[in-house]
Amino acid sequence: LPADLPTAERARLSEVTERASVSTRSGSDTFRVRRDLFEYLLDHPELASHIIQALQINRFRIWREPDGLWLDDRAGSLVTFQTVYAAPGSRVFFMQGRYQPAVLPAIYGRVVAVLEYTVAPADQGKSVITPAMATFVRIDNAVYGVLARLFTAVIAPRAARVTNPIVVGFAQTARVIDSDPDAVDAALADRPGVPANDLAEFRRLLARR
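What comes next is a walk through the structure. (Residues numbered from 1 in each chain as written. Predicted model: local features only at pLDDT ≥ 70, side-chain atom pairs only at ≥ 80, totals over all residues. Heavy atoms only, no water.)

In this section: helix α7 (residues 196–207). Structurally, the α-helix is built with 3.6 residues per turn, so residues lying three or four positions apart point the same way. Taking 1.5 Å as the rise per residue, α7 with twelve residues should run 16 Å; its terminal C-alpha atoms sit 17 Å apart, in good agreement. Along α7, the positions that sit buried rather than exposed are D198, L199, F202, L205 and L206. Along the axis of α7, the buried residues cluster in a sector spanning 120°; they form a single face. When the buried face of α7 is taken as reference, the exposed residues oriented beyond 90 degrees from it are A196, N197 and A207. (Helix = DSSP H or I, 4+ residues; strand = E, 2+ residues; numbered from the N terminus. Expected span 1.5 Å × (residues − 1). Buried < 20%, exposed > 50% of the residue type's maximum accessible area, 1.4 Å probe, protein only. Arc of directions from axis to C-beta.)

Structure (structure tokens):
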């Protein structure tokens, strides 16, 4: 966890990272994009999920309810979604909810995902970005907590599949933004439910070429 994470937040997240039932690491190939566009999408995940769906990169959905953001990966996971830390080169996400396997009872738990990315300068004001994600899952069902090793084959791949689309989806979206920003704007033109203020600011950023 980041060294400057506030004490109360560190205590909440350490319950997951230091007592994780399973953990995974995943990454993506490097990609080129303007850093401000990439970080805007990181900090506006609801808009990012609309773009990712509109470009048919992935089906996962992030949307806002009165109690905050929710994420549905369309494969059995339904979790609340929070960005609890943001700094240059780093984001920390906290998720809590359930995963419903096909042949097992629902698995309830908490997820801490630590995204780190390096940024190297490229031409035309763009950057080469290399992301990596560390994911920690704490299973809150008592039986799964005791028998976590027996369920690693189910839980560990699921943990990666919840967070992998975030890394891969953002990377693939960034590549489209870099190669054809007009296609991104067009894909959003008639899409319902896109947050209007976020979209307006994103379009303003796109126009700065």
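Attention now goes to the layout of surface pockets. The computed volume of the largest pocket comes to approximately 210 Å³. Around the largest pocket sit L1, P2, T17, R25, S90, V114, E116, A132, M133, A134 and F136, which together line it. Every element with two or more residues in the lining of the largest pocket is listed here: β7 (107–121) and β8 (127–139). Per-element accounting of the lining of the largest pocket gives the leading share, four residues, to β8. Class assignment of the residues belonging to the lining of the largest pocket gives a composition of seven nonpolar, two polar and two charged. (1 Å grid on protein atoms, 1.4 Å probe; cavity = no way out; pocket = protein on both sides within 12 Å on 5 of 7 lines; lining within 4 Å. Points joined across faces, edges and corners; volume = space filled by probe spheres on them. Nonpolar A, V, L, I, M, F, W, Y, C, P; charged D, E, K, R; others polar.)

A full pass over the atoms with the stated rule returns three cavities of 30 Å³ or more. In this structure, the second largest cavity spans a volume of roughly 50 Å³. Around the second largest cavity, the lining residues are F31, F38, L42, L115, P131, I166, V167, F170 and A171. When contributions to the lining of the second largest cavity are tallied by element, the ones reaching two or more residues are α2 (35–43) and α5 (152–179). In the lining of the second largest cavity, the residues fall into nine nonpolar, no polar and no charged.

Any functional reading would require information beyond the geometric quantities listed.
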